[in-house]
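# Results of the structural survey
In case you want the letters, here they are:
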Amino acid sequence: MKTKPGYETTKHLWSPNPEILKKFADKHIIPFLKDGDIKGNGSCYDIGEYNPRIKYIAEQMGLDIRTLDAEDFNWCGIRARDCDNIFAFEIVEHLQNPLFFMNELKKILAKDGSIYILIPCNPRPLWHEMHFFEMDRKHFEKWILAPLGLKIVRYKKIYFIASWRTYLIGFRPLWRVLTGKTSFKTFMRSLFYIQYFICEVKNEE
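Below is a short write-up of the structure. (Residues numbered from 1 in each chain as written. Predicted model: local features only at pLDDT ≥ 70, side-chain atom pairs only at ≥ 80, totals over all residues. Heavy atoms only, no water.)

### Digging into the sheet that holds strand β2 (residues 65-68)
- Across the sheet, which stays open at both edges, the 6 strands sit in the order β2-β1-β3-β4-β6-β5 with mixed pairing between neighbours. Strand pairing shows two members of the sheet lacking a second neighbour, β2 and β5 (150-160), which therefore form its edges. Shown here is a sheet whose adjacent strand axes are inclined to one another by a mean of 20 degrees, direction ignored.
- Sheet analysis places β5 next to strand β6 (residues 194-203), joined by 10 bridges and oriented antiparallel. Bridging from a neighbouring strand, Ile158 pairs with Tyr196 of β6.
- Packed on one face of the sheet, helix α3 (residues 52-61) meets β1 (44-47), β2, β3 (83-89) and β4 (109-120) and runs near 140 degrees to β3.
- Most of the contacts of helix α4 (residues 98-108) go to β4, to which it runs at about 150 degrees, and overall it touches β1, β2, β3, β4, β5 and β6. (Pairing = 2+ DSSP bridges. Helix = DSSP H or I, 4+ residues; strand = E, 2+ residues; numbered from the N terminus. Axes fitted to C-alpha atoms, helices over the stretch in contact; angles between N-to-C directions. Contact = heavy atoms within 4.5 Å.)

So, in structure tokens, the structure goes:
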């Protein structure tokens, strides 16, 4: 069944091989976080559904990360300035109003706290069919962060491909496209390096 933009089920998000998720975290996410200003004894919150990736990151970094998975992101009573570290990995591209979302994060962010954002930023023809948009650093800063008094203090571009060999060997991948089980766009994304950027965001003041 075709789903709407912005919507992905747990199966869509976490069906890949766990080793691929770990490889991505080990190579890109964990080194970036370790180079940052994460306070090991501070409060850490992950936005969205609890998932194997954030569990793995928490274990590898020795962090106690709570999950905020509230409908419409109402934060379940989190007080203002309560969060030292906020992780929002692959969230923004699923939202119709990322400006509102980032403003809500700012309300609960400690004065010297950090928000860690991971966003896919592929060319328009390769946007995932379930994303409202995929935004590069320039537009994310200009349209979302600057109006809120937020800034990127660290940034890394990521090029990642998980399983291109499976799409170049045999007839099955093409057959899935022809029978509608896989969209042509998803097929093409798998043949190219999927682009992301990860950044650390802080208050300007």
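### Focus: the pairing of β1
- Neither face of β1 is left uncovered, since the one carrying Cys44 and Asp46 and the one carrying Tyr45 and Ile47 both have all their residues buried.
- In this sheet, β2 lies alongside β1 in parallel orientation, the contact comprising 4 bridges. Each residue of the ladder has a partner; that of Cys44, found in β2, is Ile65.
- Taken together, β1, α3 and β2 form a β-α-β motif whose crossover is right-handed.
- Here β1 runs beside β3; their pairing, made up of 3 bridges, is parallel. By the bridge assignment for β3, Asp46 is matched with Phe87. (Buried < 20%, exposed > 50% of the residue type's maximum accessible area, 1.4 Å probe, protein only. Right-handed = clockwise from strand over helix to strand, strands pointing away.)

### Quick word on the pattern of salt bridges
- Applying the stated criterion across every chain, the model contains 5 salt bridges.
- As a salt-bridge pair, Arg154 and Glu200 come within 2.8 Å of each other at their nearest N and O atoms. On the criterion of sequence distance, the pair formed by Arg154 in strand β5 and Glu200 in strand β6 is long-range, its members being 46 residues apart. Assigned by exposure class, Arg154 and Glu200 land together as buried.
- Since its relative accessible area comes to 2%, Glu200 is described here as buried.
- A cluster of three or more residues bridged by salt bridges with shared partners is formed by Arg154, Glu200 and Lys202. (Salt bridge = Lys/Arg side-chain N within 4 Å of Asp/Glu carboxyl O.)

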